[in-house]
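# Summary of structural features
Take a look at the letters that make up each chain.
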Amino acid sequence: MLCVKYYVECMTHDTLHMTQDCHMKEKIRALKEKAGAEITAAAGQREILESLRIKYLGRKGEISEIFKGISSVAPEDKAEVGGLLNELKISVTNALEGSLAASSAGTSAAKNRIDVTLPGIPARLGKLHPITQTINRISEIFIGLGFRVVDGPEIETEHYNFETLNIPLEHPSRDAFDTFYLESLGGKNLLRSHTSPVQARFMEKNKPPFSIIVPGKVYRPDATDASHSFMFHQVEGLCVGKEIHFSDLKGCLETFAKEMFGSSTKMRLRPSFFPFTEPSAEVDISCIICSGASDPAPEARDDRVFQRNAQIKRCGVCGGKGWLEILGAGMVNPKVFEKVGYDPKKVTGFAFGMGVERIAMLKHGINDIRMFYENDERFLRQF
Ligand code: DAH
């Protein structure tokens, strides 16, 4: 009896274990199938894949839950069930990682793909500096009048900067305060204080007749303010030949003034002095804003400066004088010809020199020379 009871109890216990273990294996198989299907369905969807990772592999996830049931597995089945569970965990982990990697590769591939239909990114094009533009315009006008463009060195000698131009030792511009001397070069070299030295340099190497202009940088030790800079630009002009008269100078400069500032521009000459010209003159043009009255020239009516000054009674550009000085000029001094070996009885000529910044400032209504050198794009883009 006892024996029978024991047998029954044992049997019941074993059968119970058997059914439980079968159930566990079934559960593992079903979970593997379900997870596999869900992972496949979520391909490429990172967020869903991430939530599946938590659902299956998280600390409270479905696989961990089954792991907890391993304690009730019959000892002889534990190794098998444990192996199956590990297999399940590895296969879900691999499937998820594979799918996540594929989805991020897809995203970066999509990101890196070039859409050839998108509009291009415009290249930021630079522009010529307003000073270069002004030099080009001045050159264009004089080239039209038969001049050609030449240049010369910015580091000059006293000989060319002064002596060949008949500037005597006691002339104030020879004073060290007016010229940058280059001590490292023995103090005899300097930064040219005007473009006039190219006159002698050119004449020494060329025979008349010729007409040249010389644009370039010049240097003066001036304190910087709204109208002074230690470096600025000039355009020198020189025309030499037989029978070149003062009227040629006048006609040439008047044509330049009208081309540069508009056809209604008037020009006047005032007697002046330069050691290298005789006679010499300062050249003025009628104010491009008020034309010498409060009435602006037709082409200046839309000008920004005119509009800015419209409320002010006195013209802000010429100060009410009606005239603006634009350059210095004159007939080449015979002494200059002698210094370069020309016979002043056989040739005559005229010369002129203008400040490029001044011309550009007048032309565009700029009231501070420093703006040219600050490289502020908001300023430069306007030209
Ligand atoms: N060199 C003069 C200056 O820098 C400008 C000048 C005046 C040049 C008269 C000339 C001229 O050729 O004839 O102030």
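Quick caveat: nothing in here was measured; it's all calculated off a predicted structure.

## Focus on the sheet that holds strand E9 (residues 348-355)
Pairing within the open sheet is mixed, and its seven strands lie in the order E1-E4-E5-E9-E8-E7-E6. Because the sheet does not close on itself, it has two edges, and the strands there are strand E1 (148-149) and strand E6 (267-274). One ladder, built from eight bridges, connects strand E7 (residues 277-286) with strand E8 (residues 323-332); its direction is antiparallel. Each bridged residue has a counterpart across the sheet, and for Ala-281 the counterpart in E8 is Ala-329.

## Here we look at the side chain of Gln-234
With respect to the helices and strands, the residue Gln-234 is situated in strand E5 (residues 231-241). One polar contact links the side chain of Gln-234 to the main-chain amide nitrogen of Thr-195, over a distance of 2.9 Å. In contact with Gln-234, other than residues within four places in its own chain, are His-194, Thr-195, Val-214, Pro-215, Gly-216, Val-218, Arg-220, Met-354, Gly-355 and Val-356.

## Quick word on the layout of surface pockets
To find the voids left in a structure, one rolls a probe of water-molecule size over its atoms. Quantified by volume, the second largest pocket comes out at close to 220 Å³. Lining of the second largest pocket is provided by Arg-124, Leu-125, Gly-126, Lys-127, Leu-128, His-129, Glu-377, Leu-380 and Arg-381.

## Considering the packing of aromatic side chains
Inspection of the entire model under this criterion finds 11 aromatic pairs. Taking 5.0 Å as the distance between ring centres and 25° as the angle between the ring planes, the aromatic pair formed by Phe-142 and Phe-352 counts as stacked. One end of the pair, Phe-142, is in helix H5 (residues 130-144); the other, Phe-352, is in strand E9, and 210 residues separate them in sequence. Among the residues examined, Phe-352 registers a relative accessible area of 1% and is labelled buried. Ring geometry for Phe-202 versus Phe-210: centroids 4.8 Å apart, planes at 70°, classification edge-to-face.

## Section: the nonpolar core
Ile-138, Phe-142, Leu-253, Ile-326, Phe-350, Phe-352 and Met-354 are the most contacted members of the largest nonpolar core, which totals 45 residues. Elements represented by at least two residues in this core include exactly H5, E5, helix H8 (246-261), E7, E8, E9, helix H11 (356-364) and helix H12 (377-380). In terms of residues, this core owes the most to one element, H8, which gives seven residues. Grouped together as the second largest cluster of nonpolar side chains are 23 residues, Val-150, Leu-190, Phe-276 and Val-347 included.

## Notes on the pairing of E9
By the bridge criterion, eight bridges tie E5 to E9 in an arrangement that is antiparallel. Residue pairing across strands places Glu-236 opposite Gly-353, the latter belonging to E9. When E8 meets E9, the two strands line up antiparallel, connected through five bridges. Within the sheet, the bridge partner assigned to Met-331 lies in E9 and is Phe-350.

## Comments concerning the site of the ligand
Not every one of the 15 residues close to the ligand is listed here, only the nearest: His-194, Ser-196, Arg-220, Gln-234 and Glu-236. Between Arg-220 and the ligand, the recorded distance is 2.8 Å, taken from a side-chain N or O atom to an oxygen atom. Expressed as a share of its isolated accessible area of 350 Å², the protein-covered part of the ligand is 88%. Counting only elements with at least two residues in the shell around the ligand, the list comes to E5, E8 and E9.

## Considerations on H5
Under the 1.5 Å per step criterion, the end-to-end length of H5 is 21 Å for 15 residues, consistent within 8% with the ideal 21 Å. Within the sequence span of H5, burial applies to Pro-130, Ile-131, Thr-134, Ile-135, Ile-138, Ser-139, Ile-141 and Phe-142. Phi turns positive one or two residues past the end of H5, at Gly-146, with a value near 95°.

## Re the confidence of the model for the protein
Here the protein averages 88 in pLDDT, and 88% of its residues register 70 or above. Scored below 50 in pLDDT, residues 1-13 makes zero contacts in the model with residues more than four places away or belonging to other chains.

Calculation notes
Numbering of residues begins from 1 in every chain and follows the order in which that chain's sequence is written. Only residues with pLDDT of at least 70 get local features here, since the model is predicted, and only at 80 or more are side-chain atom pairs given and counted; chain-wide, interface and lining totals rely on the full set of residues. Hydrogens and water molecules were not included; the side-chain quantities draw on all heavy atoms of the structure. Here, strands pair whenever DSSP counts at least two bridges between them. Secondary structure elements follow DSSP: runs of H or I of four or more residues count as helices, runs of E of two or more count as strands, with numbering from the N terminus. Polar contact is defined as a pair of N or O atoms within 3.5 Å, subject to the rule that within protein one atom must be able to donate a hydrogen and the other to accept it, and that residues adjacent in sequence are counted only when both atoms are side-chain atoms. Contacts: residue pairs with any heavy atoms within 4.5 Å of one another. The distinction between a cavity and a pocket rests on a 1 Å grid over the protein atoms alone: a 1.4 Å probe fits inside a cavity but cannot get out, while a pocket stays open yet meets protein on both sides within 12 Å along at least five of seven lines, and a residue with an atom within 4 Å of a point counts as lining. Grid points are joined across faces, edges and corners, and a volume is the space filled by probe spheres set on the points. Stacked, edge-to-face and tilted labels apply to pairs of Phe, Tyr and Trp rings (six-membered ring for Trp) whose centres lie within 6.5 Å, assigned for plane angles under 30 degrees, over 60, and everything in between, in that order. Between buried and exposed lies partly exposed: a residue is buried under 20% and exposed over 50% of the maximum accessible area for its type, with that area taken using a 1.4 Å probe on protein chains only. Residue types Ala, Val, Leu, Ile, Met, Phe, Trp, Tyr and Cys, when buried and joined through side-chain atoms within 4.5 Å, form a set referred to as a nonpolar core. Whether a residue is near a molecule or strand is decided by its heavy atoms; if any one of them lies within 4 Å of it, the residue is near. Note on areas: Shrake-Rupley with a 1.4 Å probe; residue coverage comes only from the protein chains shown. The span expected for a helix works out to 1.5 Å for each residue beyond the first. The quantity known as pLDDT measures the predictor's confidence residue by residue, on a range of 0 to 100.

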